[in-house]
Amino acid sequence: GGIITQTPKFLIGQEGQKLTLKCQQNFNHDTMYWYRQDSGKGLRLIYYSITENDLQKGDLSEGYDASREKKSSFSLTVTSAQKNEMAVFLCASTTGIYAEQFFGPGTRLTVL
Amino acid sequence: AQSVTQPDARVTVSEGASLQLRCKYSYSGTPYLFWYVQYPRQGLQLLLKYYSGDPVVQGVNGFEAEFSKSNSSFHLRKASVHWSDSAVYFCVSNSGTYQRFGTGTKLQVVP
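The following paragraphs examine the structure supplied in this document.

Thresholds, definitions, all that
Residues numbered from 1 in each chain as written. Chains lettered and ligands numbered in written order. Predicted model: local features only at pLDDT ≥ 70, side-chain atom pairs only at ≥ 80, totals over all residues. Heavy atoms only, no water. Contact = heavy atoms within 4.5 Å. Buried area = accessible area lost by both parts, 1.4 Å probe. Salt bridge = Lys/Arg side-chain N within 4 Å of Asp/Glu carboxyl O. Pairing = 2+ DSSP bridges. Helix = DSSP H or I, 4+ residues; strand = E, 2+ residues; numbered from the N terminus. Axes fitted to C-alpha atoms, helices over the stretch in contact; angles between N-to-C directions. Phe/Tyr/Trp six-rings, centres within 6.5 Å; stacked < 30°, edge-to-face > 60°. Buried < 20%, exposed > 50% of the residue type's maximum accessible area, 1.4 Å probe, protein only. 1 Å grid on protein atoms, 1.4 Å probe; cavity = no way out; pocket = protein on both sides within 12 Å on 5 of 7 lines; lining within 4 Å. Points joined across faces, edges and corners; volume = space filled by probe spheres on them. Nonpolar A, V, L, I, M, F, W, Y, C, P; charged D, E, K, R; others polar. Disulfide = S-S within 2.5 Å.

## Regarding the interface of chain A and chain B
Then step 1. In this assembly, 20 residues from chain A lie in contact with 19 residues from chain B.
Then step 2. Buried area between chain A and chain B, both sides added, is near 1600 Å², and the carbon and sulfur share of it is 55%.
Then step 3. Counting across the interface, chain A meets chain B through one salt bridge.
Then step 4. Arg100(B) is the salt-bridge partner of Asp59(A), the closest N and O atoms lying 2.9 Å from each other.

Below, the structure is given as structure tokens:
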């Protein structure tokens, strides 16, 4: 078994601020994902990475950057926080794009 | 582009009743299909997945889903629901790029 850890659990920032969310997994999975979960809209993919130092844009990448410097970690940066992107950000990992994804508990973002 | 539609945002059923949650996908081929569940204050967990073979696939906790190529559907079913099944259920499709999630169906099981 393994676990996905997301930090922080709650993130509060000012409008226009640059904010970073972190994700760590000990499954030794190659592929990792960042999703945004808005109420009533399901999960939308922001970025994914199929291996260390790889980055692929998802459907919602504008306004975000990502970094995968180690196999076990995947960071997401909100480049300029906006009130309309208050949501829960979920990290996931998997052995491959067709396999089961394992999810972290999420980071809830509030923008003041 | 592929997409997934869950037409019912909320479903309420009585404990012990049967359940069907609907899912339609748009893709000309056969995608990988998944159902995930998100229990209150918990992370998402896989219920079941399908790619080929028997169109009825069994999952955890008595859930099953049936794939229909002619209807482009992958509906989730359970014969008898329990109050602990109250959660949000997501249908997910992957046609070779990355997984796309439906908007979710919130299931409420009432006494």
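On we go from here.
## Some remarks on the sheet that holds strand 8 (residues 73-78) of chain A
Residues and elements named next belong to chain A.
Then step 1. The four strands are arranged 1-3-8-7 in an open sheet whose pairing can be described as antiparallel. Two strands in the sheet have a free side with no partner beyond their single neighbour: strand 1 (4-7) and strand 7 (64-70). For this sheet, the mean angle separating the axes of adjacent strands, direction not counted, is 15°.
Then step 2. As defined by bridge partners, strand 1 adjoins strand 3 (residues 19-25) across four bridges and the pair is classed as antiparallel. Its bridge partner lying in strand 3, Gln-6 is registered against Cys-23.

## Focus on the packing of aromatic side chains
Then step 1. Scanning all chains against the criterion turns up 17 aromatic pairs over all chains.
Then step 2. Ring geometry for Tyr50(B) versus Phe74(B): centroids 6.2 Å apart, planes at 40°, classification tilted. Within this pair, whereas Tyr50(B) is found in strand 6 (residues 44-50), its partner Phe74(B) is found in strand 9 (residues 73-78), the two being separated by 24 residues in sequence. Of the two residues, Tyr50(B) and Phe74(B), neither departs from the other in class, the shared state being buried.
Then step 3. Judged by centre distance (6.2 Å) and plane angle (75°), the ring pair of Phe90(B) and Phe101(B) falls under edge-to-face. In this pair, Phe90(B) is assigned in strand 10 (residues 87-94) and Phe101(B) in strand 11 (residues 100-101), connecting sequence segments eleven residues apart.
Then step 4. For Phe90(B), a relative accessible area of 1% translates into the label buried.
Then step 5. An aromatic cluster is present here, built from Tyr33(A), Tyr35(A), Tyr48(A), Phe103(A), Phe34(B), Tyr36(B), Phe90(B) and Phe101(B) joined pairwise through their rings.

## Some thoughts on the layout of surface pockets
Then step 1. If you add up the space inside the largest pocket, you get close to 1000 Å³.
Then step 2. As for the largest pocket, its lining consists of 36 residues, of which Gln37(A), Val88(A), Arg108(A), Gln38(B) and Val88(B) are closest to the centre.
Then step 3. Among the elements that make up the lining of the largest pocket, the one with the highest residue count is strand 12 (residues 105-110) of chain B (four residues).
Then step 4. For the lining of the largest pocket, the residue count by class is 14 nonpolar, 15 polar and seven charged.

## What about the pattern of salt bridges?
Residue and element names in this part refer to chain A.
Then step 1. One pass over the full model with this rule turns up eight salt bridges over all chains.
Then step 2. The shortest N-O distance in the salt bridge between Asp-38 and Arg-36 comes to 2.9 Å. The pair formed by Asp-38 and Arg-36 is uniform in burial state, with each residue classed as buried.
Then step 3. For Asp-38, the salt bridge is made with Arg-44, and the minimal N-O distance between the two is 2.9 Å.
Then step 4. What you see here is one network of salt bridges that share partners, running through Arg-36, Asp-38 and Arg-44.

## Regarding the state of the cysteines
Here a disulfide denotes one covalent bond, and it connects the sulfur atoms of two cysteines.
Then step 1. Per the stated rule, a full pass over the model turns up two disulfides over all chains.
Then step 2. In this model, Cys23(A) is linked to Cys91(A) through a disulfide, with the two sulfur atoms separated by 1.9 Å. Negative torsions about the S-S bond denote left-handed disulfides, and the value of about -75° found for Cys23(A) with Cys91(A) makes this one left-handed. Pair noted here: Cys23(A) is in strand 3 and Cys91(A) is in strand 9 (residues 88-94), with a separation of 68 residues, a long-range link. Each of the two residues, Cys23(A) as well as Cys91(A), counts as buried.
Then step 3. The partner cysteine of Cys23(B) in its disulfide is Cys91(B), sulfur to sulfur 1.9 Å. An S-S torsion of about -65° defines the bridge between Cys23(B) and Cys91(B) as left-handed. Placement of the pair is Cys23(B) in the loop between strand 3 (19-21) and strand 4 (24-26) and Cys91(B) in strand 10, with a sequence separation of 68 residues. The exposure classification of Cys23(B) matches that of Cys91(B), with both residues buried.

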